[in-house]
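# Structural characterization, general
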Amino acid sequence: MSKKHTIMDEAAIRRALTRIAHEIIEKNKGIEDCVIVGIRTRGIYLGKRIADKIMQIEEASISVGELDVTTFRDDWDGDPQDSPFITEVDIQDKKVILFDDVLYTGRTVRAALDALISHGRPKMIQLAVLIDRGHRELPIRADYVGKNVPTSKDEEIEVFLTEVDGSEEVVICTGGET
């Protein structure tokens, strides 16, 4: 991809996460029995940021876990020991807010649902994403969306977070070669 256009800067990401935090609290009537599980890699950091915002709003903490869905993907054919499922929270009978950076075809979310169900039986699973770019291949819809960005299949969305990339923005890449 050659042309890049910033669609969210640091302030826009912060505002979107603040709104999502408020929506989570409102929809769940607080945060009782709620846990956040971030999909590796950037979903983990976004989930931790949401937990921090919820702490500021509710003055109560919410547990945050991590999820590696690699071995649950339908396009993965490696050794199951190569990529372990990871979580640091108990999801049994909890409302799980699954967090990812970009929702595209829905296949990563499907893998995450399989991974979660293999680990326990949550009361409910809700999906939060920073960006929903469309083009679903599976019937999956996010409960909380930071920004809807209609894209063509030739475009890509790249999320940059300080914790991973040293910068903070969401860009759309179009045309050319990488």
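The sections below set out a description of the structure shown in this document. Residue positions are given per chain, counting from 1 as you read along its sequence in written order. Local features in this predicted model are restricted to residues of pLDDT 70 or higher, and side-chain atom pairs are both shown and tallied only at a pLDDT of 80 or more, whereas totals for entire chains, interfaces and linings draw on every residue. The side-chain quantities take in all heavy atoms of the structure and omit both hydrogens and water.

## Overview of the sheet that holds strand β5 (residues 124–132)
Two orientations exist for strands paired in a sheet by backbone hydrogen bonds: parallel and antiparallel. Selection rule: By this definition, two strands are paired if DSSP reports at least two bridges between them. Helix and strand assignments come from DSSP, with helices taken as H or I runs of at least 4 residues and strands as E runs of at least 2, each series counted from the N terminus. Axes here mean lines fitted to C-alpha atoms, for a helix over just the part in contact, with angles spanning 0 to 180 degrees between N-to-C directions. In this description, contact between two residues means that some pair of their heavy atoms is separated by no more than 4.5 Å.
Spatially, the 5 strands line up as an open sheet ordered β3-β2-β4-β5-β6, and their pairing is parallel. Pairing within the sheet leaves two strands with one partner each, and these edge strands are β3 (63–67) and β6 (144–148). Between one strand axis and the next, the sheet turns through 25 degrees on average, direction left out of account. Contacts from helix α1 (residues 10–27) reach β4 (95–103), β5 and β6, with the element oriented near 150 degrees to β6.

## A word on the environment of Tyr144
Keep this limit in mind: Categorising residues by exposure relies on relative accessible area from a 1.4 Å probe, with only protein chains included: less than 20% of the type maximum marks a residue as buried, more than 50% marks it as exposed, and the intermediate range marks it as partly exposed.
The residue Tyr144 is located in strand β6 in this model. Tyr144 gets classed as buried once you look at its relative accessible area, which sits at 2%. Residues Tyr144 and Ile24, spaced 120 residues apart in sequence, show a C-alpha to C-alpha distance of 7.7 Å. Apart from the residues lying within four places of it in its own chain, the contact partners of Tyr144 are Ile20, Glu23, Ile24, Lys27, Asn28, Gln126, Leu127, Ala128 and Val129.

## Looking at the packing of aromatic side chains
We count it as follows: Only centres within 6.5 Å qualify two rings of Phe, Tyr or Trp (six-membered ring in Trp) as a pair; their planes then separate them into stacked at under 30 degrees, edge-to-face at over 60, and tilted for everything else. By the criterion adopted, a ring carries a charge over it if an Arg CZ or a Lys NZ lies within 6 Å of its centre and within 35 degrees of its normal.
This model, assessed by the stated rule, comprises 0 aromatic pairs. In this arrangement the basic side chain of Arg133 is found over the ring face of Tyr104, its NZ or CZ atom lying 3.9 Å from the centre.

## Observations concerning the sheet that holds strand β7 (residues 156–160)
Pairing is antiparallel in the open sheet, where 3 strands are placed in the order β1-β8-β7. For this open sheet the edge positions go to β1 (3–8) and β7, each flanked by a neighbour on one side alone. Each neighbouring strand pair of the sheet contributes to a mean axis angle of 30 degrees, computed without reference to strand direction. Two elements, β1 and strand β8 (residues 169–174), share 5 bridges in a ladder whose sense is antiparallel. The residue bridging Met8 from the neighbouring strand is Val170, located in β8. Strands in contact with α1 are β1 and β8; relative to β1, the strand with the most contacts, it is inclined by about 45 degrees.

## Some details on the pattern of salt bridges
Two side chains that carry opposite charge are able to pair once their charged atoms sit near each other. Spelled out, the test is: Should a side-chain nitrogen of Lys or Arg be within 4 Å of a carboxyl oxygen of Asp or Glu, the pair is scored as a salt bridge.
By the definition in use, this model includes 13 salt bridges. The salt bridge involving Lys123 is made with Asp33; its shortest N-O contact spans 3.6 Å. Here Asp33 lies in the loop between α1 and β2 (34–39) and Lys123 lies in the loop between α3 (107–119) and β5, a separation of 90 residues in the sequence. Notably, a salt bridge pairs Arg107 with Glu137, separated by 2.6 Å at the nearest N-O pair.

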